[in-house]
Amino acid sequence: MHRLPWLAMALGLSGTALAVPTTLTHQGRLFDVDGRPIEGLHRFSFGLYDRPESGAPVWSEDQDVALVSGLYTIDLGAVSPLDDRVFDGRTLYLQIAIDGGIPMTPRHAVSSVPYAQRAAVADAVAFEAIDGLPADLADGDADTLATLLCDPGEVPTWSGVAWSCSADADGLADVSCAPGQILVYDGATWGCGDDAVLSDEDVRALIAAEGYARTADLAPVATSGAYADLTGIPAELADGDADTLGLLVCADGEVPVFSGAGWVCGPDATVDEGTVLGWVAGAGYALLSDLTDVALTGSWFDLLDMPPGFADGDDADGLGRLDCPDGQAPIADGGGWVCGAVAGGVELGDLTARLEELETLLSDGDSDGVPDLLDGCPDIPDPDQADGDGDGIGDVCDSCPLGADGLDSDGDTIPDACDICSGADDRVDDDDDGTPDCRQVPSCLEWLDLYPDSPDGIYTLDPDGPGGEPEFETWCDMTTAGGGWTLVMSLVDGPDKRAGDSPDQKWQESGFNRWEDTSTFGDVRTATTTNSGDFKNPAYWSVSGEDLLIYHTPNDSADSDYRASARYAYHTTDGFLADYGGSLYHLYTDYFPLTNTGGPGIGLTVDATWTVGTAEGQHAEQLPNSESETAPGGITFSVNNNEGIPIALCPGVKYLAGNSEHSCVGGNGTTAGYGQGGWGNLREWSYDASWGYSDAMRSSTVMVFVR
């Protein structure tokens with residue numbers, strides 16, 4: 001784990017020689033996550049453990065500690081005494097927690113000095129009670145140097161067998177240095193050197209030489225930033241604007257006009273009502289009172305001065321009153337219409353029939369400029385009249401543009417060249433799903449094989465065919481790397497999920513391992529809905545594939561935009577999934593189960609190719625500490641973090657270390673609160689300023705496909 005950083009710790013014993021129990025002096029400095037020293041009074045919880053991780057404390061106490069610039073010094077044992085039962089020879093580790101928060105890690109080993117208090121036990125043991133003393137120690141020493149007589153300037157020297165006198169060879173007494181120099185050891189001998197330690201005056205001179213200014217030398221505005229602390233403000237800016245119109249005095253009828261450089265007085269160009277009416281009249285507009293009734297009603301009956309022949313509502317041409325015998329027709333004689341014989345002896349009825357026949361021959365029902373008689377698709381506009389197979393049926397309406405439409409061996413009216421089910425009736429669809437019962441399509445790749453021009457979108461699949469499990473809908477990517485990708489799951493983040501264990505958090509629901517079971521949930525049309533969009537369909541275990549495709553699609557995207565709006569998209573190319581059962585279900589169940597291990601571990605890492613965005617760009621979306629624990633360019637399956645908790649999937653990164661909860665998702669149902677050891681969905685992707693992923697990645701859905 002990695003929490004609030006702290007920099008320094010000093011440990012030491014205090015107390016008199018026989019004062020048991022004793023205390024342990026502890027010093028440190030504490031910073032917040034932004035590197036600023038923490039100030040004020042805080043509650044510290046201390047504990048000594050006999051192991052570097054986990055376990056129960058052998059001693060603990062709480063103290064209120066005052067911090068100044070992050071620094072503090074306290075005596076451990078002031079509340080709960082430390083005695084020889086604590087320091088019994090074991091290696092102990094100090095753990096600290098602040099204000100009831102998560103303990104800081106790692107624990108720090110207590111140095112050997114405190115164990116000296118174990119010697120306090122010896123104060124009850126009499127020298128004469130010790131067994132097995134050598135004879136030459138019977139008087140209590142027998143190795144005294146008191147009998148060794150050395151000449152002046154000599155010192156006692158141990159030869160490895162006995163003490164003897166020899167000259168003092170340290171040589172420091174003979175070193176003579178110039179004023180201001182100090183002793184310097186070069187690794188072999190002591191000599192003189194310059195004192196490189198900077199004094200307070202040296203530091204001040206150095207800062208001044210670099211151009212730094214003291215706060216006392218700055219104007220007040222340099223530290224306050226306040227307008228009121230400015231000096232020398234021009235008089236015309238004293239009121240804070242200097243462009244006021246309050247000083248502008250205009251004559252009656254004038255208004256302020258901006259000249260391009262400032263405000264001046266000018267004539268009021270506002271148009272009044274009388275001016276507007278004058279303009280309207282001058283432009284030829286008419287008053288309603290000057291218009292006749294027909295101008296407003298448009299009615300036939302409001303017309304004036306109608307010619308007499310129109311008064312009855314016809315045209316006065318007299319044809320309406322002309323009654324001709326069979327074989328005659330109206331003929332104009334220069335003064336009106338009269339009955340006369342039809343020229344050439346053609347009967348009017350025959351002429352009408354011929355005209356109707358001609359109209360039929362020239363009719364164009366789809367208005368594409370091609371008469372129906374010659375149109376290969378008379379009901380669908382087809383000006384090009386393309387007919388690839390030459391069967392007389394235009395390609396745009398040809399049920400089978402691949403071959404002669406007349407060949408239909410199974411009699412289902414679908415030509416053999418385009419028959420999905422040769423030998424069976426393609427029209428039988430008892431379950432009304434739009435797919436012939438004789439051909440239940442098992443995967444998006446099968447759809448693409450049957451219909452090569454199929455677009456991205458929602459399709460109905462039935463992997464086990466008629467009579468098996470019910471068919472279901474999912475989304476097919478028919479574009480990326482040749483298409484044929486089947487959506488098997490989506491995992492969505494949201495504020496509700498980050499707050500704790502959520503009933504919509506299906507991929508890490510308490511007590512359920514959804515990665516290794518055959519449950520289903522969600523709807524393909526809402527597979528990116530914030531908080532509640534988690535989706536899993538039977539293709540997760542029933543569609544066998546070789547590679548994976550992953551999108552990071554913004555939350556709440558419409559199903560028509562799943563691929564088009566993806567922030568990142570990448571897929572594997574080496575067919576790795578075929579070696580692990582062909583599905584995520586078999587990969588986790590049979591090869592890399594999600595089990596608690598007690599420590600970090602990495603199951604499987606595979607390379608990937610990015611089609612939207614780049615591997616490096618996605619890697620950089622991680623916050624600094626998470627980025628340092630991963631490498632770009634791949635996908636990681638079944639990892640365990642430092643606490644041994646299993647996490648299912650690290651999309652888009654190769655995980656290298658043990659804090660995988662900040663870049664990975666999912667688990668086996670082991671849950672706990674934020675930052676408390678149970679990691680599911682994307683809760684830990686928003687841990688703090690150093691661990692996790694960017695806001696854009698936290699608000700995007702992880703969508704996984706197989707092919």
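Reference entry: report on the structure contained in this document. (Residues numbered from 1 in each chain as written. Predicted model: local features only at pLDDT ≥ 70, side-chain atom pairs only at ≥ 80, totals over all residues. Heavy atoms only, no water.)

1. A short note on the sheet that holds strand β22 (residues 601-607)
The antiparallel open sheet is built from 3 strands, whose spatial order is β22-β25-β26. With one partner strand each, in any of the chains shown, β22 and β26 (646-650) form the two edges of the open sheet. Each strand of the sheet is rotated relative to its neighbour by a mean of 10 degrees, with strand direction disregarded. Pairing of β22 with strand β25 (residues 634-640), which is carried by 6 bridges, proceeds in the antiparallel orientation. Note on β25: the bridge partner recorded for Gly601 is Asn640. In the packing of helix α9 (residues 584-591) onto the sheet, the strands contacted are β22, β25 and β26, and the crossing angle to β25 comes to about 40 degrees. (Pairing = 2+ DSSP bridges. Helix = DSSP H or I, 4+ residues; strand = E, 2+ residues; numbered from the N terminus. Axes fitted to C-alpha atoms, helices over the stretch in contact; angles between N-to-C directions. Contact = heavy atoms within 4.5 Å.)

2. A look at the nonpolar core
Trp515, Tyr588 and Phe637 are the most contacted members of the largest nonpolar core, which has 53 residues in total. Filtering out sequence-adjacent residues up to four positions away, Phe637 remains in contact with Leu548, Phe576, Leu584, Leu587, Tyr588, Gly603, Leu604, Val606, Ala648 and Leu649. (Core = buried A, V, L, I, M, F, W, Y, C linked by side-chain atoms within 4.5 Å. Buried < 20%, exposed > 50% of the residue type's maximum accessible area, 1.4 Å probe, protein only.)

3. Quick word on the packing of aromatic side chains
Taken as a whole and judged by the stated rule, the model has 21 aromatic pairs. Look at Tyr570 and Trp610: their rings are 4.3 Å apart centre to centre, the planes differ by 20 degrees, and that puts the pair in the stacked class. Highlighted residues: Tyr570 in strand β21 (residues 568-571) and Trp610 in strand β23 (residues 609-612), separated in sequence by 40 residues. Accessibility assignment for this pair places Tyr570 and Trp610 in one class, buried. Taking the centre distance of 6.5 Å and the plane angle of 55 degrees together, the rings of Phe576 and Tyr580 count as tilted. Residue Phe576 shares its accessibility class with Tyr580, and that shared class is buried. Here the aromatic residues Trp507, Trp515, Phe521, Tyr540 and Tyr588 are joined through ring pairs into a cluster of three or more. The positively charged end of Arg514 is found above the aromatic ring belonging to Phe512, 4.2 Å away from the centroid. The ring centre of Tyr540 lies 4.8 Å from the NZ or CZ of Lys536, which sits over that ring. (Phe/Tyr/Trp six-rings, centres within 6.5 Å; stacked < 30°, edge-to-face > 60°. Lys NZ or Arg CZ within 6 Å of the ring centre and 35° of its normal.)

4. Here's the deal with the state of the cysteines
By the definition in use, this model includes 7 disulfides. Put simply, Cys150 and Cys165 are joined by a disulfide, and their sulfur atoms are 1.8 Å apart. Across the S-S bond of Cys150 and Cys165 the torsion is about -80 degrees, and the bridge reads as left-handed. Placement of Cys150 in the loop between β7 (108-109) and β8 (154-158) and of Cys165 in strand β9 (residues 163-167) is noted, with a sequence separation of 15 residues between them. Here Cys377 engages in a disulfide with Cys397; their sulfurs sit 2.0 Å apart. One quick way to see it: the torsion about the S-S bond of Cys377 and Cys397 is about -90 degrees, and its sign makes the bridge left-handed. Of this pair, Cys377 sits in the loop between α5 (348-361) and α6 (444-450) while Cys397 sits in the loop between α5 and α6, and the two are 20 residues apart along the sequence. Using a relative accessible area of 1% as the deciding quantity, one classes Cys377 as buried. Residue Cys397 is classed as partly exposed on the basis of its relative accessible area of 32%. (Disulfide = S-S within 2.5 Å.)

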